[in-house]
Amino acid sequence: MSVLILMALGWMALTGALAHLNLLGDFSRNNPAIGWLILIAFGVSTAVSVSPLCAGFVRTVPIAWLIGLQSFRLAVELLLHRGYLAGLVPEQMTWSGRNFDILTGLTALPLAYLAAKGQLPRWAAILWNLVGFALLLNLMTVMILSTPTVFRLFPNEPSAAFIARFPAIWLPTVLFPAAWAGHLLLFRRLQS
C-alpha cells in the first residue's frame, strides 16, 4: 500500500507542477495535454482497483470505510459552487446547474454509520454505489462538455478551462479518479 501512496503523491506533484507552470492550458489542439493526463489517471485508478494488488485490501476493509471515503465529495461540491459564485466555474458543473454529485457526499457519512452498525442492507449499499457512480459519470461528462475543445456543448462562460490550473488540476486527475476507484472497490467488496 505504501507504494500506491508514493505513486499517488508523485502523480499529484507531477500534475500540480505541470498546471503551475501553465503547461496544460492550451485547449486549441484536438488533443490537449490535460486530456491525456485524465485518461492516464482513470486508466491507472481502474487498473489498480480491479487488480489482484487490491484483493487483500478489498477483503479486509470495512464497507463503512469505502462508503465514508466518498464524503470528500461534499467539500468538492461546495468548492465548485463557490467557484461558480466567483465566476470561475461554469454553472452546469454545480448543483445550480446539472451536477447533483453533492448527494453522494451528503449521504456518505450517514450510510457509512449505518454500515458500521450493521444496519445498512447490502441492496441499499449497492443502490447507493450505483447512484453515486452515475452522478460521478454525469459530472465528468458535464466537465468534458464544458471545456473549450471540439467536444464543448455548453457554450456559456466561463468554460471549464479552470481545470488546467493549479490546484484545480487535481479535480480531474486526482479527486475524480479517487471517487471512481472508491466506487470500483466498493463494488468488489460487496461481491465478496
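Here is what the cut-offs are and how they apply
Residues numbered from 1 in each chain as written. Predicted model: local features only at pLDDT ≥ 70, side-chain atom pairs only at ≥ 80, totals over all residues. Heavy atoms only, no water. Salt bridge = Lys/Arg side-chain N within 4 Å of Asp/Glu carboxyl O. Helix = DSSP H or I, 4+ residues; strand = E, 2+ residues; numbered from the N terminus. Buried < 20%, exposed > 50% of the residue type's maximum accessible area, 1.4 Å probe, protein only. Polar contact = N/O pair within 3.5 Å; in protein donor to acceptor, adjacent residues only side chain to side chain. Contact = heavy atoms within 4.5 Å. 1 Å grid on protein atoms, 1.4 Å probe; cavity = no way out; pocket = protein on both sides within 12 Å on 5 of 7 lines; lining within 4 Å. Points joined across faces, edges and corners; volume = space filled by probe spheres on them. Core = buried A, V, L, I, M, F, W, Y, C linked by side-chain atoms within 4.5 Å. Nonpolar A, V, L, I, M, F, W, Y, C, P; charged D, E, K, R; others polar.

1. Some words on the pattern of salt bridges
Thinking step 1. Scanning all chains against the criterion turns up 2 salt bridges.
Thinking step 2. The partner of Arg73 in a salt bridge is Asp101, with the nearest N and O atoms 2.5 Å apart. Residue Arg73 is found in helix 5 (residues 72-85), and its partner Asp101 is found in the loop between helix 5 and helix 6 (102-116); the two are separated by 28 residues along the sequence.
Thinking step 3. A salt bridge links Arg152 to Glu157; the shortest N-O distance between them is 3.4 Å.
Thinking step 4. For Arg152, a relative accessible area of 22% translates into the label partly exposed.

2. Considerations on the side chain of Asn99
Thinking step 1. Here Asn99 shows up in the loop between helix 5 and helix 6.
Thinking step 2. We classify Asn99 as buried; its relative accessible area is 0%.
Thinking step 3. Polar contacts involving the side chain of Asn99 include one to the side chain of Glu77, which spans 2.5 Å.
Thinking step 4. Polar side-chain contacts of Asn99 include one of 2.9 Å to the backbone oxygen of Met93.
Thinking step 5. Here Asn99 is in contact with Glu77, Leu80, Gln92, Met93, Thr94, Asn138 and Leu139, once residues within four sequence places are set aside.

3. Side note on empty space enclosed by the protein
Remark: the empty space left among the atoms is shown by a probe the size of a water molecule rolled over them.
Thinking step 1. Tallying each qualifying case throughout the model produces 1 cavity of 30 Å³ or more.
Thinking step 2. The computed volume of the largest cavity comes to approximately 40 Å³.
Thinking step 3. In terms of lining, the largest cavity is formed by Phe72, Arg73, Val76, Asp101, Leu136, Leu171, Leu175, Phe176 and Ala179.
Thinking step 4. Residue assignment for the lining of the largest cavity shows that the elements contributing at least two residues are helix 5 and helix 8 (170-191).
Thinking step 5. No other element matches helix 8, which puts 4 residues into the lining of the largest cavity.

4. A closer look at the nonpolar core
Thinking step 1. Counting 33 residues, the largest nonpolar core has Ile34, Leu80, Met93, Phe162, Leu171 and Phe176 as its most contacted members.
Thinking step 2. Listed in part, the 17 residues of the second largest apolar core include Ile67, Leu120, Trp128 and Leu190.

5. Focus: the layout of surface pockets
Thinking step 1. Taken as a whole, the largest pocket encloses approximately 840 Å³ of empty space.
Thinking step 2. Put simply, the parts of the chain that give the lining of the largest pocket at least two residues each are helix 1 (2-20), helix 2 (33-50), helix 4 (63-69) and helix 8.
Thinking step 3. Sorting elements by how many residues they give to the lining of the largest pocket places helix 8 first, with 8 residues.
Thinking step 4. Of the residues contributing to the lining of the largest pocket, the split by class is 24 nonpolar, 4 polar and no charged.

Fair warning: the whole summary comes from geometry, so function is off the table for now.
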